[in-house]
Amino acid sequence: MMAARRLTTTFAALALISVIGCAPSEGAVTGPGGGSTSAPGHAAASPGSGVDRSDTVGAPGIGDPTFPLDGNGGYDVGHYTLKLSYDPASKMLAGSTSIQAKAVQDLSRFDLDLHGFTVSRVTVGNSDATFTRDGDELVVTAPKMIAKDAPFTVTVDYSGVPDPVRNSSNLGSYGFIPTPDGAFVTAEPDGAKTWFPSNDHPSDKATYDFEITVPAGLTAIANGEQVGEPTTSGGKTTFVWREKHPMASYLATMTTGKFDVRTGTSPGGIPVYAATDPKYRNTLDLLYTKTAQITDYWTTVFGPYPFSSTGGVVDAYEAGYALENQTKPIYGGFAPDSGIIAHELAHQWFGDSLSIKRWQDLWLNEGFASYAEWLWSEHSGGSTADQMFQKSYADTANAMWSYPPGKAQRDDLFNDSVYTRGAMTLHALRKEIGDDAFFTLIKKWAATYKYGNVTTDEFIAMAEKTSGKKLGPLFDAWLFQPTRPALG
Ligand SMILES: [Zn+2]
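Residues numbered from 1 in each chain as written. Predicted model: local features only at pLDDT ≥ 70, side-chain atom pairs only at ≥ 80, totals over all residues. Heavy atoms only, no water.

Colleague: Before we move on, can you summarise the sheet that holds strand E7 (residues 130-134) with the specific residues and values?
Modeller: Here we have three strands laid out as an open sheet, ordered E4-E8-E7, and antiparallel in their pairing. Bordering the open sheet on either side are strand E4 (107-113) and E7, each of which pairs with just one other strand. This sheet shows a mean twist of 25° between the axes of neighbouring strands, independent of strand direction. Where E7 lies against strand E8 (residues 137-146), five bridges are found, and the strand directions are antiparallel. Each bridged residue has a counterpart across the sheet, and for Arg-133 the counterpart in E8 is Leu-138. (Pairing = 2+ DSSP bridges. Helix = DSSP H or I, 4+ residues; strand = E, 2+ residues; numbered from the N terminus. Axes fitted to C-alpha atoms, helices over the stretch in contact; angles between N-to-C directions.)

Colleague: Break down the pairing of strand E9 (residues 151-160) for me, with residues and values.
Modeller: In this sheet, E9 lies alongside strand E3 (residues 92-103) in antiparallel orientation, the contact comprising 10 bridges. Bridging across to E9, Thr-97 finds its partner in Val-156. Pairing between strand E5 (residues 118-124) and E9: six bridges, direction antiparallel. In the strand pairing of E9, Thr-118 is matched with Ser-159.

Colleague: I'd love a proper account of the packing of helix H4 (residues 363-379) against helix H5 (residues 385-394), names of residues and values included.
Modeller: Where H4 meets H5, the closest approach of the two axes is 8 Å, and the angle between their N-to-C directions is 130°. Between H4 and H5, the crossing angle belongs to the class labelled oblique. Contacts from Tyr-371, Trp-374 and Glu-378 of H4 reach H5 at Ala-385, Asp-386, Met-388, Phe-389 and Ser-392. (Parallel < 35°, antiparallel > 145°, perpendicular 65-115°, else oblique. Contact = heavy atoms within 4.5 Å.)

Colleague: Break down the coordination of the zinc ion for me, citing the residues and quoting the values.
Modeller: Here the zinc ion is held by the protein donor atoms Met-1 (N), Met-1 (O), His-343 (NE2), His-347 (NE2) and Glu-366 (OE), which lie 2.0 to 2.6 Å from it. Each donor residue of the zinc ion lies on one chain, and together they are spaced M-x341-H-x3-H-x18-E. On the basis of relative accessibility, which here comes to 0%, the residue His-347 falls in the buried class. (Donors = N, O, S within 2.8 Å, 3.2 Å for Na, K, Ca; no water. Buried < 20%, exposed > 50% of the residue type's maximum accessible area, 1.4 Å probe, protein only.)

Colleague: Pulling in residues and values, what's your account of the pattern of salt bridges?
Modeller: In this structure the tally under the stated criterion is 13 salt bridges. Note that Asp-209 and Arg-242 form a salt bridge whose closest N and O atoms lie 2.7 Å from each other. Taken together, the residues Asp-209 in strand E13 (residues 206-215) and Arg-242 in strand E17 (residues 236-247) connect sequence positions 33 residues apart. Relative accessible area serves as the criterion here: at 17%, Asp-209 is assigned to the buried category. Residue Arg-242 is classed as partly exposed on the basis of its relative accessible area, which comes to 40%. Two residues, Lys-431 and Asp-386, come together in a salt bridge whose shortest N-O distance is 3.5 Å. In this pair, Lys-431 is assigned in helix H6 (residues 416-433) and Asp-386 in helix H5, connecting sequence segments 45 residues apart. Linked by salt bridges that have partners in common, Asp-136, Asp-190 and Lys-193 make up one network. (Salt bridge = Lys/Arg side-chain N within 4 Å of Asp/Glu carboxyl O.)

Colleague: Give a description of the confidence of the model for the protein that names residues and reports values.
Modeller: Averaged over all residues, the pLDDT of the protein is 91; the fraction at 70 or higher stands at 89%. Overall, residues 6-52 carries pLDDT values under 50, and its contacts beyond four positions in sequence, including any with other chains, amount to 56 contacts. (pLDDT = per-residue confidence, 0-100.)

Colleague: Would you mind going over helix H2 (residues 284-302) in detail, with residue names and values included?
Modeller: End to end, H2 covers 26 Å across 19 residues, agreeing with the expected 27 Å (1.5 Å per residue, within 8%). Buried within H2 are the following residues: Leu-284, Leu-287, Tyr-288, Thr-291, Ala-292, Ile-294, Thr-295, Asp-296, Tyr-297, Trp-298, Val-301 and Phe-302. Downstream of H2 by a residue or two, Gly-303 has a phi angle that is positive, lying close to 105°. (Expected span 1.5 Å × (residues − 1).)

Colleague: How would you sum up empty space enclosed by the protein? Please name residues and give values.
Modeller: Under the criterion given, the structure shown has two cavities of 30 Å³ or more. What the largest cavity holds in volume is close to 60 Å³. Surrounding the largest cavity, Phe-302, Phe-368, Tyr-371, Ala-372, Leu-375, Leu-426, Phe-438, Phe-439 and Ile-442 form its lining. Put simply, the parts of the chain that give the lining of the largest cavity at least two residues each are H4 and helix H7 (435-448). Here the lining of the largest cavity takes four residues from H4, the largest share from any one element. Broken down by class, the residue content of the lining of the largest cavity amounts to nine nonpolar, no polar and no charged. (1 Å grid on protein atoms, 1.4 Å probe; cavity = no way out; pocket = protein on both sides within 12 Å on 5 of 7 lines; lining within 4 Å. Points joined across faces, edges and corners; volume = space filled by probe spheres on them. Nonpolar A, V, L, I, M, F, W, Y, C, P; charged D, E, K, R; others polar.)

Colleague: Describe the nonpolar core, naming the residues involved and giving the relevant values.
Modeller: Ranked by size, the top nonpolar core spans 136 residues in total, and within it Trp-195 and Trp-298 carry the most contacts. At nine residues, H2 tops the list of elements feeding residues into this core. Residue contacts for Trp-195: discarding those within four places in its chain leaves Leu-82, Leu-84, Leu-93, Phe-117, Tyr-158, Phe-176, Val-185, Phe-210, Ala-252, Thr-253 and Met-254. (Core = buried A, V, L, I, M, F, W, Y, C linked by side-chain atoms within 4.5 Å.)

Colleague: Account for the packing of aromatic side chains, with residues named and values stated.
Modeller: Describing an aromatic ring pair means giving the distance of the ring centres and the angle of the ring planes. A full pass over the atoms with the stated rule returns 40 aromatic pairs. On the numbers, 6.0 Å between centres and 75° between planes, the contact of Trp-363 with Phe-459 is edge-to-face. Here Phe-459 lies in helix H8 (residues 456-467) and Trp-363 lies in helix H4, a separation of 96 residues in the sequence. With a relative accessible area of 0%, Trp-363 lands in the buried category. Phe-459 gets classed as buried once you look at its relative accessible area, which sits at 0%. (Phe/Tyr/Trp six-rings, centres within 6.5 Å; stacked < 30°, edge-to-face > 60°.)

Below, the structure is given as structure tokens:
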């Protein structure tokens, strides 16, 4: 994620207000200790249901203290199959989502995350299941007990006009956002539930098949690669896409509308898919060329590209931000420069292939992607990473010094500190351990946790092991203390 125009002062001011504003509820929802996430099935009672929890009821949240109801407990998703049709004229989204999952406990009942829509049918295996709605939880009662470790498939048929998350603090709107010619779909942090039922949290990653039907003449863009050519009948065209590598739910997209498309292969051999709304047709070749060039360059810095294709989409919807949708970063209503393309493509390694286990560790995504902007600047003849660091360090009045980035806040996830002070943390680390150890560490980090989930503690441990140095004080000063760290 990256704001198109970084409004540091405004962001910082908002940040302080929201930290104060959300403190009581943060305290109320965080369990004692707070050091480890709850095991599935042992979280708080289902909200509002008044039903006693038993050991066979999946928890309504996956155990992230920052977002207690995001994701769910009791099962682990392996694969989503989304068969959806969208009509921009009526804004009606309809179809079915099938989820192949494995029970991680005996399961009589479990939740999916879904916001809005009319659910017409839920099946588990071949049998109809009963279901209820409780806020953004779709509560499914299994027709018969699902045994621990058993695979099962749950299918949800639904339709309705999507209701995106609106006016979120420092994000604006996200989720499934209807546009005049289609839809702009960016779901960080928890907007997948605005277009498909899911285990909507990055700690449960899965592979995806998409079968998306739109009026003929429009293009439907999803993650991964297209399977076959689109097929048209009865005035409608169906596009089939497959993301065969694990993906967090917030990185899934079905962006639709009128698009000009350019495909090919990067000089380094990676397939490229670039698409622009007709309003941004002039930027298509630049988007394609820079995406290819920068993806190739990052393979020399971060290691092998983790997915089967790279790309980028510019839509006319003025989101004011870009999001690193897996294999298809999307730019909302502006022509991206190479810095922001470098940022979103760095996320393919840091954020997409390696996903955070808890939202509080967001600096592992944004600090890395922001540092990548500095590396790209240096590589392409602009300011060096050290010059960028010194410039930020000299800004002694910046609010980020009293706002450490190591624990991102629920209502202020995308605070500038997570980006800039996060990037500075990596540069301070680089200066402490030297270039050889630093770039060895970055490649090892990307390789070791490829397609997995990570925490700040795991990064610190790997940094210490790779460098042979005790780094606790450095990380504590840069990530967790509300003061400007001294330079060593
Ligand atoms: Zn970002």
